[in-house]
Amino acid sequence: MDRNHLKRQVDFMKRSFLDQGYLDEQFIQLEELQDDDNPNFVEEIVTLFFNDSARLLQNIEQALVSGPIDFPSLDNYMHQFKGSSSSIGAKRVKNECTRFKEYCTAGNAEGCLRTFVQVKQEHAILKTKLETYFQLAKQAGPSGTSGGQIR
Amino acid sequence: MFGKGASSSKNMEIIGSEKKFSVLIVDDDPIIRKIHSALLSKFTKEIHEVKNGKEAVDLCRSGTSFDIIFIDKEMPIMNGLEATKELRAMGVYSTIVGVTSCDLSSERNDFIAAGQNQCYEKPLTIEKIKSLLSELNKNN
C-alpha cells in the first residue's frame, strides 16, 4: 500500500516537472529505455549529464571571465552543453542555452554573461529536483520510475 | 535501400521474424552514445561505438563492416560529413544515417550529397528507429 503511494508520488512529481517545463518528452523516452537489463538507466544518464555538464559550465565560465571573449569557442562549448541538455530532456536549461547562443552569435558579451547566470541557475534547480526524484523513486522500489506500465 | 549493394545482406540473418543486424554508433558525446546504444539494443545486440569520424573510418578500413552506421554530424577530428564521404570512397555500402542537433531541413542536402541514406535530428527515438527499420526492410 505504502509502495503504491510512493509510486503515485513519483509519477506526480514527474508530471509536475513536465507541466512546469523543467523536463520534456525526451525524459519520458529515456524512461522507456529502462528495463530489467538496465534498471537504473535514467539515473545513470542523468548522473553522466551532471558530471559532464559541470565541466562544460566551468569551461564556459572561464572563457567568459578571462580576457577578450572568443565567441566562436564559447558557442562551441554551449553547443555541446545544449546538445547534452536536450538529450536528457532538460527543457528549461536547453532554452537558456538557445538564448545564450543567440547573444553569442551577435557578439553580445553582456547578454552572454546575463544569460549564463540563468543557465547555471536552471541547471542547479534541475539537479536538485532530479536528485529528489531519484531518491523517491528508489524508495518506491524497482521500476519506480517506469511509465506506470507492468512489463 | 539497405546498403547500396546486394552484398550488404551478408551481415543480416533472418531468423523467423527476427532480423539480426550490426550497428555502429559514431558520436563524440558519451551521453548520446549511451542513449543511442540503449535504444538500439532493443532491436539488436551487435552494437559498436566510436567517438569520432576518424575512428569510424579506421574501424571500417580494418575490415569490420556494419549494416547501419549512425553518424553524428558535429564531431572533432573528423565530422560526420567528411567521414561519410571517406566511407563511401572506401566502398562501404552500409546504410549510413546522419544524426544532427542542428536544423535538419537546411542540412539534408549536405547529408545526401555526402552519401548518407537518411538523416534525423538527435536524439534518436524508438519511433525513429522503428520507422527507419521498416523503411529499410521494405526496400531490401
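Residues numbered from 1 in each chain as written. Chains lettered and ligands numbered in written order. Predicted model: local features only at pLDDT ≥ 70, side-chain atom pairs only at ≥ 80, totals over all residues. Heavy atoms only, no water.

Going by the annotation in an unreviewed UniProt entry, the name recorded for chain B is Two-component response regulator 24, with Quercus suber given as the source organism.

Student: Describe the overall build of chain A, with residues and values.
Tutor: Scanning chain A from N- to C-terminus turns up 6 helices and 0 strands. Written out in order from the N terminus, the α and β elements of chain A read α-α-α-α-α-α. Considered along the principal axes of its C-alpha atoms, chain A spans approximately 60 × 30 × 20 Å. A burial count over chain A gives 44% of its 151 residues as buried. Look at the contacts in chain A between residues 6 or more apart in sequence, and 67% of them connect residues 24 or more apart. Put simply, chain A shows about 8000 Å² of open surface, and 50% of that area lies on carbon and sulfur atoms. Side-chain charges in chain A split into 18 positive and 21 negative, and the spacing between the mean points of these groups amounts to 4 Å. (Helix = DSSP H or I, 4+ residues; strand = E, 2+ residues; numbered from the N terminus. Buried < 20%, exposed > 50% of the residue type's maximum accessible area, 1.4 Å probe, protein only. Contact = heavy atoms within 4.5 Å. Areas by Shrake-Rupley, 256 points an atom, 1.4 Å probe, with all protein chains shown as cover. Lys, Arg positive; Asp, Glu negative; His and termini not counted. Charge placed at Lys NZ, Arg CZ, Asp CG, Glu CD.)

Student: Give me the lowdown on the sheet that holds strand S4 (residues 46-50) of chain B, citing residues and values where you can.
Tutor: Residue and element names in this part refer to chain B. Reading across from one edge, S4-S3-S5-S6-S7 is the order of the 5 strands in this open sheet, with parallel pairing throughout. Either end of the sheet is taken by a strand with one partner, and the two such strands are S4 and strand S7 (118-121). Averaged over all pairs of adjacent strands, the angle between their axes in this sheet comes to 20°, without regard to strand direction. Looking at chain direction, strand S3 (residues 22-26) and S4 are connected through 5 bridges and run parallel. Residue pairing across strands places Ser 22 opposite Glu 46, the latter belonging to S4. Along the sheet, helix H5 (residues 126-139) contacts strand S5 (68-72), strand S6 (95-100) and S7; its crossing angle with S7, the most-contacted strand, is approximately 170°. (Pairing = 2+ DSSP bridges. Axes fitted to C-alpha atoms, helices over the stretch in contact; angles between N-to-C directions.)

Student: Can you lay out the interface of chain B and chain A for me, pointing to particular residues and giving the numbers?
Tutor: In this assembly, 15 residues from chain B lie in contact with 17 residues from chain A. Around 1400 Å² of area is buried between chain B and chain A when both sides are counted, 66% of it from carbon and sulfur atoms. The three residues of chain B that bury the most area against chain A are Ile 31, Lys 34 and Ile 35 of chain B, which together make up 38% of that side's buried surface. Linking chain B with chain A are 2 salt bridges. We note a salt bridge from Glu 44 of chain A to Lys 34 of chain B, for which the minimum N-O separation is 2.9 Å. Sort the elements by how many residues they give to the side of chain B that touches chain A and helix H1 (residues 30-40) of chain B lands first, with 7 residues. Taken together, the residues of the side of chain B that touches chain A sort by class into 9 nonpolar, 2 polar and 4 charged. (Buried area = accessible area lost by both parts, 1.4 Å probe. Salt bridge = Lys/Arg side-chain N within 4 Å of Asp/Glu carboxyl O. Nonpolar A, V, L, I, M, F, W, Y, C, P; charged D, E, K, R; others polar.)

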